[in-house]
Amino acid sequence: MQLFSKKRLWVKLARVGVVYDSRMEEHRSESDNGEEGEHPERPLRMITCWNSLKEEGLLNLLVRIKSRMATQEEMECLHTRSYIEAMEKTATMNRRQLDKVERKYD
């Protein structure tokens, strides 16, 4: 591993991966109000993080990992099966039904 100094900080280089897909910019909550929305994965946050990595020249130090759909097993590492099933059902819900689900999981 090499060491380099950027802004007087010594950093040990390691292989670190990054996953980014422009579809991430579509992830939003209907209760978000544009740029100042409440959801942590709102589009502006994702774009800002990616652009910051680019501007600081850090992207060339990262291993780019192609995005893909998570497996059921991977999702169950973080979420209960009932939560996953509830989220899958939202694909066919109307706005009123989605609002009800959103309030439940806020």
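Residues numbered from 1 in each chain as written. Predicted model: local features only at pLDDT ≥ 70, side-chain atom pairs only at ≥ 80, totals over all residues. Heavy atoms only, no water.

Engineer: Account for the packing of aromatic side chains, with residues named and values stated.
Structural biologist: Applying the stated criterion across every chain, the model contains 2 aromatic pairs. Relative to Trp50, the ring of Tyr20 has its centre 4.3 Å away and its plane inclined at 15 degrees; by these criteria the two rings are stacked. Here Tyr20 is found in the loop between strand E3 (16-19) and helix H1 (43-55), whereas its partner Trp50 is found in helix H1, with 30 residues between them in sequence. The buried category is assigned to Trp50, whose relative accessible area is 12%. (Phe/Tyr/Trp six-rings, centres within 6.5 Å; stacked < 30°, edge-to-face > 60°. Helix = DSSP H or I, 4+ residues; strand = E, 2+ residues; numbered from the N terminus. Buried < 20%, exposed > 50% of the residue type's maximum accessible area, 1.4 Å probe, protein only.)

Engineer: Go over the pattern of salt bridges with me, naming the residues and quoting the values.
Structural biologist: Inspection of the entire model under this criterion finds 4 salt bridges. One salt bridge connects Arg68 with Glu74, and the closest N-O pair in it is separated by 2.6 Å. For Glu74, a relative accessible area of 34% gives the class partly exposed. The residue Asp99 makes a salt bridge to Arg95 at a minimum N-O spacing of 2.7 Å. Taken together, the residues Asp99 and Arg95, both in helix H4 (residues 95-105) and 4 residues apart, mark about one turn of the helix. (Salt bridge = Lys/Arg side-chain N within 4 Å of Asp/Glu carboxyl O.)

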